[in-house]
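Descriptive structure summary
Chain residues, written in single-letter form:
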Amino acid sequence: MIADRSQRAVKVSFSTIITYEHLSQVPPKVKLFIYHTPELTPTDKMPECAIAVDVLRATTTMATALNNGAEAVQVFSDLDKLMAESEKWPADKRIRAGERGGAKVDGFDMGNSPLDCGAEKVGGKRIFISTTNGTRALQRIETSPTVLTAALINRKAVVDFLLSKKPETIGIVGSGWEGSFSLEDTVCAALSPTVCSPKVAFHRRNLREMMKFLGRSRFTSNGKISCMNCCKMPATDSDFCVWE
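Figured I'd write up the structure that's included with this text. (Residues numbered from 1 in each chain as written. Predicted model: local features only at pLDDT ≥ 70, side-chain atom pairs only at ≥ 80, totals over all residues. Heavy atoms only, no water.)

Moving on, we come to unusual backbone geometry. Here L56 and R57 are connected by a cis peptide whose omega angle stands at 10 degrees. Along the chain, the position of R57 falls in the loop between β4 (49-53) and α1 (58-67). Located in the positive-phi region is K166, a residue other than glycine, with phi close to 50 degrees. In this structure, K166 sits in the loop between α5 (155-165) and β10 (169-174). On the accessibility criterion, K166 (40% relative accessible area) is partly exposed. (Helix = DSSP H or I, 4+ residues; strand = E, 2+ residues; numbered from the N terminus. Buried < 20%, exposed > 50% of the residue type's maximum accessible area, 1.4 Å probe, protein only.)

Of note, G101 is situated in the loop between β6 (94-100) and β7 (103-104). When the C-alpha positions of G101 and N133 are compared, they lie 9.1 Å apart, and in sequence the two are 32 residues distant.

What follows is about the packing of aromatic side chains. The full count for this structure, using the stated rule, is 2 aromatic pairs. Ring geometry for F76 and F128: centres 6.3 Å apart, planes at 25 degrees, overall stacked. Placement of the pair is F76 in the loop between β5 (72-75) and α2 (79-86) and F128 in strand β8 (residues 126-130), with a sequence separation of 52 residues. On the basis of relative accessibility, which here comes to 13%, the residue F76 falls in the buried class. On the basis of relative accessibility, which here comes to 0%, the residue F128 falls in the buried class. Seen from their ring centres, W89 and F128 are 6.4 Å apart, and the 65 degrees between their planes marks the pair as edge-to-face. With a gap of 39 residues between them, W89 in the loop between α2 and β6 and F128 in strand β8 connect regions that are remote in the sequence. Take W89: its relative accessible area is 29%, and that puts it in the partly exposed class. Pairwise contacts between aromatic rings join F76, W89 and F128 into one cluster. When the ring centre of W89 is taken as reference, the NZ or CZ atom of R126 above it lies at 4.1 Å. (Phe/Tyr/Trp six-rings, centres within 6.5 Å; stacked < 30°, edge-to-face > 60°. Lys NZ or Arg CZ within 6 Å of the ring centre and 35° of its normal.)

Here is the structure:
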């Protein structure tokens, strides 16, 4: 699966109040499905447009890389397949990004941090990436006619695309964390103007405080909140992913 710069998503910031005034442009018969983890996503029938969400951090990293000039992002669930495919690409024109359990995989050029995707590093290069959760979500929906990646930093671009193309069925898949539910992915889906009621408005201060908390914690499979310190994700990454 490859995303190229021709459809790259532009970073946006939260407005003071999100009112969703352009919700009326969404076709009235659109069918929207939200799945909190890849494992909950049916594979027998794909929506016209499928969207993978991994706020912490894969889809944030992909959007950042493309916005900063990466030639394309090519996604793999299997590390060995990534290595084999990337060998076909010139060494000076590729970056191998591998992450497992929040940490960079040995032998790879970078892990899964959007802060490693500066223009001076990724400009003009193809990113070959495999992550713990995000690439599994993408693999689950790869047969959909249109596949998008969404994060908080590029959600406006995603919504603009949906308003332009007007797909009749949309599926949003949260990447979760090793099979469990992730609050930040669901928050990202819920903040989409195609999902929320036009009467809903989020004040920036409250949204930031909520996302700051969510960036440090998530639900485990037994419904309890666990601290993000259990994995090796830097706090600077979670701040970037949920505050931008």
